[in-house]
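Below, each chain spelled out in residue letters.
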Amino acid sequence: MLAGTLLRVAEGLRTAPGCELYVVNLSADEPDTVWVTEVWSDEDASDRALSADLAEVGIGQVIELLAGPPELVDLTPLGGPGLPAP
């Protein structure tokens, strides 16, 4: 149910300004663990999406389905297939 809701969020973010990647992943060895990989053009675009925009695509439903607070890992993408050239 969580993965399906996140996939609906992902669909709603297809046209979100600054959203370069939003991929929903299931853990291979923990069937109840879902990871989301996100890449945004900048922090402002991410912040805008986390405001009212995500309410429209179902982020409230995602929060209700979580067993605890989400784990956040900040990374700086350096490049590779699927990412825009720097």
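Placed above this text is the structure.
Conventions used here
- Residues numbered from 1 in each chain as written.
- Predicted model: local features only at pLDDT ≥ 70, side-chain atom pairs only at ≥ 80, totals over all residues.
- Heavy atoms only, no water.
- Helix = DSSP H or I, 4+ residues; strand = E, 2+ residues; numbered from the N terminus.
- Contact = heavy atoms within 4.5 Å.
- Patch = residues over 30% accessible without salt bridge, like charges linked within 9 Å, V, L, I, M, F, W, Y side chains within 5 Å.
- Areas by Shrake-Rupley, 256 points an atom, 1.4 Å probe, with all protein chains shown as cover.
- Salt bridge = Lys/Arg side-chain N within 4 Å of Asp/Glu carboxyl O.
- Lys, Arg positive; Asp, Glu negative; His and termini not counted.
- Charge placed at Lys NZ, Arg CZ, Asp CG, Glu CD.
- Buried < 20%, exposed > 50% of the residue type's maximum accessible area, 1.4 Å probe, protein only.

(A) Spotlight on the environment of V62. Within the secondary structure, V62 sits in helix α3 (residues 59-65). Contact partners of V62, with chain neighbours within four places excluded, come to L2, T5, L6 and V9.

(B) Fine view of a negative patch on the surface. The grouping of E20, D42, E43, D44, D47 and D74 at the surface amounts to a negative patch. If one sorts the elements of the negative patch by residue count, helix α2 (residues 43-57) sits on top with three residues. Relative to the helices and strands, E43 resides in helix α2. Accessibility expressed as a relative area gives 61% for E43, which makes it exposed.

(C) Representation of the pattern of salt bridges within the structure. Across all of its chains, the model carries one salt bridge by this definition. Among the ionic pairs, E11 bridges to R14, the shortest N-O distance being 2.9 Å. Look at E11 and you get partly exposed, because its relative accessible area is 47%.

Such coordinate-based values are descriptive only and should not be taken to indicate function.
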